Structures are given as C-alpha cells and as structure tokens.
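Listed below are the residues making up each chain.
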Amino acid sequence: MKFTYTHHQIIKYIYLKENFTRPELVKNLKMDKSTISRNIDYLINKGFILKKGEILPDKKGGRKTDLLTINKNKFYFIGVSIEDCRNIALLTNLNGEIIKEFSFKEKIRENNIIQYLDTIMNTFEAFNENILSFNLAVPGIIDKKNGIIIKSTDLRIENLNIKNIFESKYNIYLNIENDANAAVSNYLMDLKMKYSNLVYFMLSFPENILNFKGIGIGMVIDKKVYHGSHFAAGEVIFNSQYKRNSKNSLTSEMIKNYNFKNKNEDIEYFIDILSEKIADITQLIDPDYVIFGGDIDLFSDEFINKLYSKVYNKIHYNFLQNNIITDKNGIITIAKGAIFSFINFILNDYEFSRKLIKIS
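Let me begin by describing the structure that accompanies this report. Note that the structure is predicted; figures quoted are calculated from it, not measured.

**Some thoughts on the overall build of the protein chain**
Summing up its helical and strand segments, the protein chain has 11 helices and 16 strands in all. A globule of 360 residues ought to have a C-alpha radius of gyration of about 21 Å, and the protein chain, at 23 Å, matches this closely. Taking the principal axes of the C-alpha coordinates as reference, the protein chain spans close to 80 × 50 × 35 Å. Taken over 360 residues, the protein chain has a buried fraction of 51%. Put simply, of all contacts in the protein chain between residues at least 6 apart along the chain, 64% involve residues at least 24 apart. Accessible surface for the protein chain amounts to roughly 17,900 Å². Of this, 47% is attributable to carbon and sulfur atoms. Positive and negative side-chain charges in the protein chain, numbering 48 and 42 respectively, have mean positions lying 6 Å apart.

**Observations concerning the nonpolar core**
Ranked by size, the top nonpolar core spans 51 residues in total, and within it Ile10, Ile49, Leu198 and Ile343 carry the most contacts. Per-element tally for this core: the top contributor is helix α10 (residues 331-348), with eight residues. Setting aside residues up to four positions removed in sequence, Leu198 forms contacts with Val184, Tyr187, Leu188, Leu191, Gly218, Met219, Val220, Pro287, Tyr289 and Ile291. Judged by nonpolar contacts, the second largest core, of 35 residues, contains Val199, Leu203, Ile255 and Ile267.

**Some points on the packing of helix α1 (residues 5-14) against α10**
Orientation of α1 relative to α10, taken along the N-to-C sense of each, is 135°, at an axis distance of 9 Å. Relative to α10, the element α1 is oriented oblique. Contacts between α1 and α10 involve His8, Ile11 and Lys12 on the former and, on the latter, Ile346, Leu347 and Asn348. By residue class, the composition of the contact of α1 with α10 is three nonpolar, two polar and one charged.

Conventions adopted
Residues numbered from 1 in each chain as written. Predicted model: local features only at pLDDT ≥ 70, side-chain atom pairs only at ≥ 80, totals over all residues. Heavy atoms only, no water. Helix = DSSP H or I, 4+ residues; strand = E, 2+ residues; numbered from the N terminus. Rg over C-alpha atoms; globule rule 2.2 N^0.38 Å. Buried < 20%, exposed > 50% of the residue type's maximum accessible area, 1.4 Å probe, protein only. Contact = heavy atoms within 4.5 Å. Areas by Shrake-Rupley, 256 points an atom, 1.4 Å probe, with all protein chains shown as cover. Lys, Arg positive; Asp, Glu negative; His and termini not counted. Charge placed at Lys NZ, Arg CZ, Asp CG, Glu CD. Core = buried A, V, L, I, M, F, W, Y, C linked by side-chain atoms within 4.5 Å. Axes fitted to C-alpha atoms, helices over the stretch in contact; angles between N-to-C directions. Parallel < 35°, antiparallel > 145°, perpendicular 65-115°, else oblique. Nonpolar A, V, L, I, M, F, W, Y, C, P; charged D, E, K, R; others polar.

The structure is reproduced here in structure tokens:
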C-alpha cells in the first residue's frame, strides 16, 4: 500500500499534537469513522503511530478510547549549519529532539564542503537506513528547488549543485536552505505553527563594524517560508550611511562591552541606523513575532535593550515588547531549522511526501 492522501492528512494533523484519539480525527478531519479506523490501524501496524494508553468512558457510559501518539522515532533527520568556522551537525528524531551531535571549526569552502558532508554521514552511519533527509543550511543565495548554492560570499562558493553530488553518492534526499530561512523555520515549528507571519533577523557583525555589509532575514508568510522569485528574499544590504566621519574604528568588541555609562557616539549612531532598517522591514511584513538571533548571545544586555527600545520607538503601530523573541541558541537553531523547513514542506505537499515516504 502506498502513502495515501488520507495518511498524509492524518500525519499533518497529528504532527504537532502530543496525543490524539480516533473520535478527534473523525471530527476535525471530517472523515467517517470507518475510514479513520482503517487508516489508523494501518499506520499503527507500519510503526507511524503508537498506542499510548486508554481513556476510560465517563459516567454516562460508552467504550474505552485509545490514546494515540505519533512515533517520533519512525524517521531520523540530519541537520547541518555551516557558518564559516562555526559548524554543527545534529541527528534528530521527528520532534527535533537531538539524538547525537558534533561540531567542527574548520573553514568550509567549495574545495572541502563535500569532504565534510562525508564526515557527517560517516559519523551518523548507524542511523543511515532510517534517515529521511539530510538538511543543510548555509549563508547566501540558495536555489532550494534545484539544490544549488548560487552564491555564498562567506563560504566563497558559487553555482555549486551540491544536491546532485550528495544524492548521487548517498541516495538520501538533500534539502538545502539559507541560514536565516532555516532559523525562522525553527520558530515556525517551535511556536506550534500557531502564527502565520514571522521575521527572523540574523545579526552577525565582523570585527570591524565598518565592514558590515548587511543582515540576513528569514520570513514566514502564511505559515510558509518566503524565498522570493529569485531566491534572494531577505538578503538586505546596508549602505555606508553609518560610516560617517568616524574618528575611531568601530569594533564588535565595542558591541560586546556596550553599556550606558560609557556611550560611544559612533556606536549610538550605528544602533540608530540598524534599528531604523529593522523597524522598516518589520512594518513592511507586519509579523506576529520578530526574532533576533545570530550572534546576539555575544552582545551585552545593554546593547540588546537599546536596540529593542529604538525599534519599538520607530514602529508606527502597537507592536508590544512581548512580540519580540531573543534567540541565543545560535547555530543549533539554524541546524534544527533546516530540518523543520523540510518537515514543514512534506506536511504541506502531499505529492512530494508520497514520492519520498516509503511504506513497507
């Protein structure tokens, strides 16, 4: 039996639920009882769904009801974040729980990226038979559909069809995502897909702030990651406005040590320019939540609070402070998000999931 549309609808509904029952599915999926029971029994037999317990009838009587849950260990996923010298590989289950991980600090470039993907596959070799996808997140412009790194300035890679190379070698589906898009995918799932629109600002500053080129932005619109018509959505370039006649160099160390007692005029101006850009983008998208991540865990609390305060003041509608999330998990967020971008795709595309998920 193939993975059917009914199977897909059931899995899509139960994925974010800790427990569920057959009557619940009948009601919410608007399918008859026999259809639900037949398909649930089949998915239990094939290990997609597990019986967790029973719900006893109430005082009015009736039958006991099976309490069911999705089998989070039916499949495993590899999630990889490559950020120049800060790289991590995760092996997770369907719920994103980390089974195994390792990090490596080498500089990844076009001439060695495949070598490191080989190392990752060897590290997780014991799980290979149950790995549904290999999910890679990198900075830059990514053709997700065809698996091409069009241009990653940070990794010095251009027009590399990494999907073809990897899949011909391992016969495992490779999902590739821009790092900011991966990060926002993580929060789409972390917030249980309750919210339609999210924006993730990936803040990462070079040692010399005057060399700062821009920020990566991940966007979810109508519960789907928005990539743009030419795969370049969210690649925001800053002009040289903040480089105004600075007598002293601006360094990332100044951001790390920023405090209200020792203000620096040039840093203050930089915060003003950065907050204005963030506020403009936030108002354009009008999201449910804004998430700040990247290297934000390296910044002083005073810098973060000042930046947020400036953003609040520049937004021209009632955007409250509890609409902002600070992500201090860095590359782990990106690696897990690469996995969740794939899971979100299979949950929303039956034809794609039908081709990929094999029932035996």
